[in-house]
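# Close look at the chain arrangement
One-letter residues, chain by chain:
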Amino acid sequence: MTESRRVLVVGQGAREHALAWKLTRDGAEVLVAPGNAGTAAVAENVPVPPGDIPALVAVARDRRVDLAVIGPEAPLVAGVVDAFRAAGLRAFGPTAAAARLEGSKAFCKQILHRGDVPTAMYRAFPTAARAREYLAAREDVPVVVKADGLAAGKGVYVCGDRAEALAAVDALGGDPALTGAAQGILVEERLDGVEVSVLAITDGRTIVTLPPLQDHKAAHDGDAGPNTGGMGAYCPTPFVDDAALADIEARILVPTVHALRRAKVPFHGVLYAGLMLTAQGPKVLEFNARFGDPECQALLVRLESSLLELLDATADRRLEAVADPVWRDEASVTVVMAAEGYPGAVERGRPITGLDAAAAVPDVQVFQAATRRAGDRVVTDGGRVVSVTALGHSLARAKLQAYTAVRQIRWPGAWCRKDIADKGLARSRELLAAAPGDDGA
C-alpha cells in the first residue's frame, strides 16, 4: 500500500510489540494502547488500558485511526469491536458474541458439536460442588478440569487421577484470580497425543490458514509445572505436514466457521485452534479468538508479505480478493523470558540489561512484553517479560540463535525454559531416519 495508514494496536505484550513491528514494516503509522518500553521504539504509545473501551474509541476517532487491531482476548469478549463498529470505526477482531468461542469453553463445545468437529467428550457444571459430585461418583480416570471463562491461559488442569481433579476443582473455586473465570467448570476426557496450534485468518467466508506451530504452555522443561500463558513456540512444526494441515482445515476450521455462521455469530478475525493429534486424528482442545502469544511472534518474523493487507481485507469482508501470504523458508523459535515467581506473583521494577546486545545477534528480534521505562532504564513490569525470537535456515539454527540472544539479557530472577523446539527437533530426526533409502529406515 502506497499511502500511509494509521493503525491502533490494542494491548501491551510481546504480541502487540510484534504486531506493531510488522505493521510499521508494512508502511503503517502505528499507535499502541498502552504499549510497553519496546513498542515505544517502533510506534507511539498511547496511555489507555485495553479494558477502557470508551477511551479506545475516543483515541481512534480523535487520531483518525484507519484500523484498530485488538491483541488480547479480554477486550474482545467485552465487546471492543462492537463499540468500534457502533462508532463507525474499523476494527480487526470478532464481535463479543463470536469471541465467546474463547470466552466460554461451554459455548465453544456447543459450536464444535453443532459443526461435528472432533473434540474431547465433556460435562459442564454450574458450580464447583456439582463438579465434585460428578468426579466422586465416576471411575477414577485421567481428566482435564477447566474454568469455563477467561483465565489468561492458567485455568486448565491436566489431572492424572480423581484426587488431582478434585484438587483442581477446589483451586478454581478458591483462587481469587480465577473466581471470575470459574463461571462454570468443565470436566473433559484427557486426550493423548501431540499438541499443536493452527491459526487462521477469516472474514466469515474465506479462510487463510497460517503455518502450523507448537507452543509450550507448561512453565518448566519437559512440560513440567503449572500452565502459563506460554513459554515459547516454534514455526513450522514437523508434526503437521501439508496433507495434515489440509485435513485440519477441512475437518476443523471450515466446519467451525460454518457452525458459527449458522448460530448467527459470524466470526471475523483470528481463529486459533489448539489441537491434540490423537491416534484417531486431530481433535480440538480449545479455540482462541485472537493471535496467540508467543505464537504471533514466531509467525510474524516469517511473514514476508503484508500483514496490514490481510487485516484490512478481513475487516472489509474481502479476504477472497487478497493473494495468499508469502512466508520465509526459515524456521523460527521464540523463547519467553519470565520474572521470578511467574506464573504466580512477581516483583516488578527490576532493571533489565543486554536488550541491545541480544537484538544485535543475527536474525533475532527481541519483542518486549512486561516492560516499562524508569528514567533511562528498562525495567520489568510483570510475569512474561520478553520474547526472544530468531530465524534460522533450520529449526536447530533458529534455536541456537534464540538462546544465544537469551544469554545476553539479564535481570535479577530472570528465567526461561531451555527446551523450546526440542520436540520438533526430535520429530525431524525421526522423519529423516524413516525416509526411504535412509540407512536408519
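Details of the structure are given in the entry above.
My aim in this report is to walk through the structure given alongside it, one point at a time. (Residues numbered from 1 in each chain as written. Predicted model: local features only at pLDDT ≥ 70, side-chain atom pairs only at ≥ 80, totals over all residues. Heavy atoms only, no water.)

Helix and strand counts for the protein stand at 15 helices and 22 strands. Taken over the C-alpha trace, the protein has a radius of gyration of 21 Å; the compact-globule value for 441 residues is 22 Å, and the two agree within 12%. By principal-axis analysis of the C-alpha atoms, the protein measures approximately 60 × 60 × 50 Å. Across the 441 residues in the protein, those meeting the buried criterion constitute 56%. When the accessible surface of the protein is totalled, it reaches about 17700 Å², and 51% of it is carbon and sulfur. Side chains of the protein give 49 positive and 54 negative charges; the mean places of these two sets differ by 3 Å. (Helix = DSSP H or I, 4+ residues; strand = E, 2+ residues; numbered from the N terminus. Rg over C-alpha atoms; globule rule 2.2 N^0.38 Å. Buried < 20%, exposed > 50% of the residue type's maximum accessible area, 1.4 Å probe, protein only. Areas by Shrake-Rupley, 256 points an atom, 1.4 Å probe, with all protein chains shown as cover. Lys, Arg positive; Asp, Glu negative; His and termini not counted. Charge placed at Lys NZ, Arg CZ, Asp CG, Glu CD.)

Attention shifts here to the nonpolar core. The biggest cluster of nonpolar side chains holds 80 residues, and the ones touching the most others in it are Leu-8, Phe-84, Phe-287, Val-333, Val-386 and Ile-409. In terms of residue count, helix H10 (residues 242–262) provides more of this core than any other element does, seven residues in total. (Core = buried A, V, L, I, M, F, W, Y, C linked by side-chain atoms within 4.5 Å.)

Attention now moves to the sheet that holds strand S8 (residues 156–159). Sheet architecture is open: four strands sit in the order S6-S9-S7-S8, paired in antiparallel fashion. Looking at which strands have only one partner, the edges of the open sheet turn out to be strand S6 (122–125) and S8. Sheet twist, expressed as the average angle between the axes of neighbouring strands with direction ignored, equals 15°. (Pairing = 2+ DSSP bridges. Axes fitted to C-alpha atoms, helices over the stretch in contact; angles between N-to-C directions.)

Our next topic: the pairing of strand S19 (residues 364–368). Burial of S19 is extensive: four of the five residues sit out of reach of the surface. Pairing of S19 with strand S22 (residues 384–392) involves five bridges; the strand directions are antiparallel. Bridging across to S22, Val-364 finds its partner in Ala-390.

Turning next to unusual backbone geometry. The omega torsion of the bond from Cys-235 to Pro-236 falls at -5°, within 30 degrees of zero and hence cis. With respect to the helices and strands, Pro-236 occurs in the loop between strand S15 (232–235) and H10. Positive phi outside glycine occurs at Asp-116, with the angle close to 55°. With respect to the helices and strands, Asp-116 occurs in the loop between helix H6 (105–114) and S6. The backbone of Asp-223 shows a phi angle near 60°, a positive value even though the residue is not glycine.

Overall, the coordinates contain zero disulfides when judged by the stated rule. The closest cysteine sulfur to the non-disulfide-bonded Cys-108 is located on Cys-159, 19 Å from its own sulfur. (Disulfide = S-S within 2.5 Å.)

Attention now goes to helix H2 (residues 53–62). Within H2, burial applies to Ile-53, Leu-56, Val-57, Val-59 and Ala-60. Take H2 and look down its axis: the buried residues cluster within an arc of 160°, on one side only. Among the exposed residues of H2, those oriented more than 90 degrees off its buried face are Pro-54 and Asp-62. The inward-facing, buried residues of H2 contact strand S1 (6–11), strand S2 (29–34), helix H3 (73–78) and helix H4 (80–86). (Arc of directions from axis to C-beta. Contact = heavy atoms within 4.5 Å.)

This brings us to the packing of aromatic side chains. Working definition: an aromatic ring pair is given by the centre-to-centre distance plus the angle between the planes. The final tally for this structure, using the stated rule, is three aromatic pairs. Between Trp-21 and Phe-367, the aromatic rings sit 5.5 Å apart at their centres with planes inclined by 70°, giving edge-to-face as the arrangement. Pair noted here: Trp-21 is in helix H1 (residues 14–25) and Phe-367 is in strand S19, with a separation of 346 residues, a long-range link. Exposure class is identical for Trp-21 and Phe-367. Each is buried. (Phe/Tyr/Trp six-rings, centres within 6.5 Å; stacked < 30°, edge-to-face > 60°.)

Here the focus is the packing of H1 against helix H12 (residues 307–315). It is the contact of H1 with H12, at a shortest axis distance of 8 Å, that shows an interaxial angle of 100°. Our classification of the angle between H1 and H12 gives roughly perpendicular. The segment H1 lies against H12, with Leu-19, Lys-22 and Leu-23 engaging Leu-307, Leu-308 and Leu-311. Looking at the contact of H1 with H12 residue by residue, the classes come out as five nonpolar, no polar and one charged. (Parallel < 35°, antiparallel > 145°, perpendicular 65-115°, else oblique. Nonpolar A, V, L, I, M, F, W, Y, C, P; charged D, E, K, R; others polar.)

Tracing the backbone shows Ser-387 in strand S22. There is a polar contact of 3.0 Å between the side chain of Ser-387 and the side chain of Gln-297. (Polar contact = N/O pair within 3.5 Å; in protein donor to acceptor, adjacent residues only side chain to side chain.)

To continue, consider the packing of H6 against H10. The contact between H6 and H10 brings their axes to 8 Å, and the two run at 105°. One way to sum up the angle between H6 and H10 is to call them roughly perpendicular. Side by side, H6 and H10 meet where Phe-107, Ile-111, Leu-112 and Arg-114 of the first sit next to Thr-256, Ala-259, Leu-260 and Arg-262 of the second.

Further remarks concern helix H7 (residues 128–137). Residues Ala-131, Tyr-134 and Leu-135 constitute the buried set of H7. Taken end-on, H7 shows its buried residues confined to a sector of 95°, consistent with a single buried face. In this structure, H7 carries Glu-133, Ala-136 and Ala-137 as exposed residues pointing more than 90 degrees from its buried face.

Here five strands make up an open sheet; going across it, the order is S12-S15-S18-S22-S19 and the pairing antiparallel. In this open sheet, the two edge strands, each paired with only one partner strand, are strand S12 (214–215) and S19. Judged from the two bridges that link them, S12 and S15 form a sheet pairing that is antiparallel. Looking at the pairing, Gln-214 lines up with Tyr-234 of S15. Docked against the sheet, H1 engages S19 and S22, running at close to 125° with respect to S19.

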